[in-house]
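For reference, the chains in residue letters:
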Amino acid sequence: MIITTQISAQLRKLGLALPPGAQITGQGYLGYHCFLTHEAALDSCSIGSYSGVRTKDVRFLKLGNYCAIADELKFVGEHDYQRITTSICTIATEGRHWLFSNFQGQAPYINFRAINIGHDVWIGTRVTIKGGLNIGDGAVIGAGSVVTHDVEPYTIVAGCPARPLKRRFADEQLIARIHKSKWFLYDWDGIDVQWGDVYKTIDIMEERLATNPPQLLNHGFSYKVDEAANSIQLRPAQTVES
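Fair warning: this is a prediction, and the values are worked out from it, not measured in the lab.

Tell me about the packing of helix H2 (residues 172-181) against helix H3 (residues 198-211), and please be specific about residues and values.
One can describe the packing of H2 onto H3 by two numbers: an axis separation of 10 Å at closest approach and a directional angle of 35°. In terms of crossing hand, the pair formed by H2 and H3 is left-handed. Across the interface between the two elements, Leu-174, Arg-177, Ile-178 and Ser-181 of H2 pack against Val-198, Tyr-199, Ile-202, Asp-203, Glu-206 and Leu-209 of H3.

Below, the structure is given as structure tokens:
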């Protein structure tokens, strides 16, 4: 369905920033204050809180909190090349059958496996990711990369195929502190944590988490789209994992 101005206004009251023109189909999960751009299109995705998506044709994606996904992200399905032909004339895809008229039996489908992206992940423009992969917390994927293997947490990768370039932070003790804190599971809106200096930020976060933790980001809405009625059904739900 295409998000209308009226639906967008209703969703914004619930803390969901889905602008007019954005598209959403299937069923999934929308975290608190997740946001799309008007050109985004989601199919059966789980989008974490404070995560933004601006790309088309995103399907079967599980995205953590505080992530940034640039435009032209592509997912690669698994095409069975062991058959006698790879022609689309013998393959069914997305429910549309491009089959020979005399085709007998069940047509195989191109298999799109879910991609699991952790928290605080940045994916640049024109990235392609193989289905079924896991992208670790804090990872960064450079623009134009083709990702064929899992990406370790707090690792920067780039290239075709994507290869590790360096750790996101040179200080491994800092990485350990950040990951141990699990700061990305909390709502830091309105809390002064001095975002510009990573050492000051983690100092403040650790102290706050030990004394007066912010609200957990374990709330949002499960959704189910009714294409015929061009409507979306929402119900309060918690994230799959906290």
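Explain H3 to me, using residue names and the numbers behind them.
Spanning 14 residues, H3 covers 20 Å between terminal C-alpha atoms, matching the ideal 20 Å at 1.5 Å per step. Within H3, burial applies to Thr-201, Ile-202, Met-205 and Leu-209. The buried residues of H3 all sit within an arc of 90° when viewed along its axis, so they share a single face. In H3, the exposed positions that point more than 90 degrees away from the buried face belong to Glu-207, Ala-210 and Thr-211.

An account of the nonpolar core is needed here, citing residue identities and associated values.
In this structure, Ile-24, Ile-47, Leu-61, Ile-117, Ile-123, Ile-129 and Val-147 are the most contacted members of the largest nonpolar core, which totals 41 residues. Of all the secondary structure elements, the ones that give two or more residues to this core are helix H1 (5-12), strand S8 (61-63), strand S13 (115-117) and strand S21 (220-226). Broken down by element, this core gets its largest block of residues, three residues, from S21. Apart from residues lying up to four places away in sequence, Ile-117 is in contact with Leu-61, Lys-62, Leu-63, Gly-64, Cys-67, Ile-123 and Ile-135. Among the nonpolar cores identified, the runner-up in size contains 18 residues, and Tyr-154, Tyr-186, Trp-188 and Ile-202 belong to it.

Rules used throughout
Residues numbered from 1 in each chain as written. Predicted model: local features only at pLDDT ≥ 70, side-chain atom pairs only at ≥ 80, totals over all residues. Heavy atoms only, no water. Axes fitted to C-alpha atoms, helices over the stretch in contact; angles between N-to-C directions. Helix = DSSP H or I, 4+ residues; strand = E, 2+ residues; numbered from the N terminus. Left-handed = near helix turned anticlockwise from the far one by under 90°. Contact = heavy atoms within 4.5 Å. Expected span 1.5 Å × (residues − 1). Buried < 20%, exposed > 50% of the residue type's maximum accessible area, 1.4 Å probe, protein only. Arc of directions from axis to C-beta. Core = buried A, V, L, I, M, F, W, Y, C linked by side-chain atoms within 4.5 Å.

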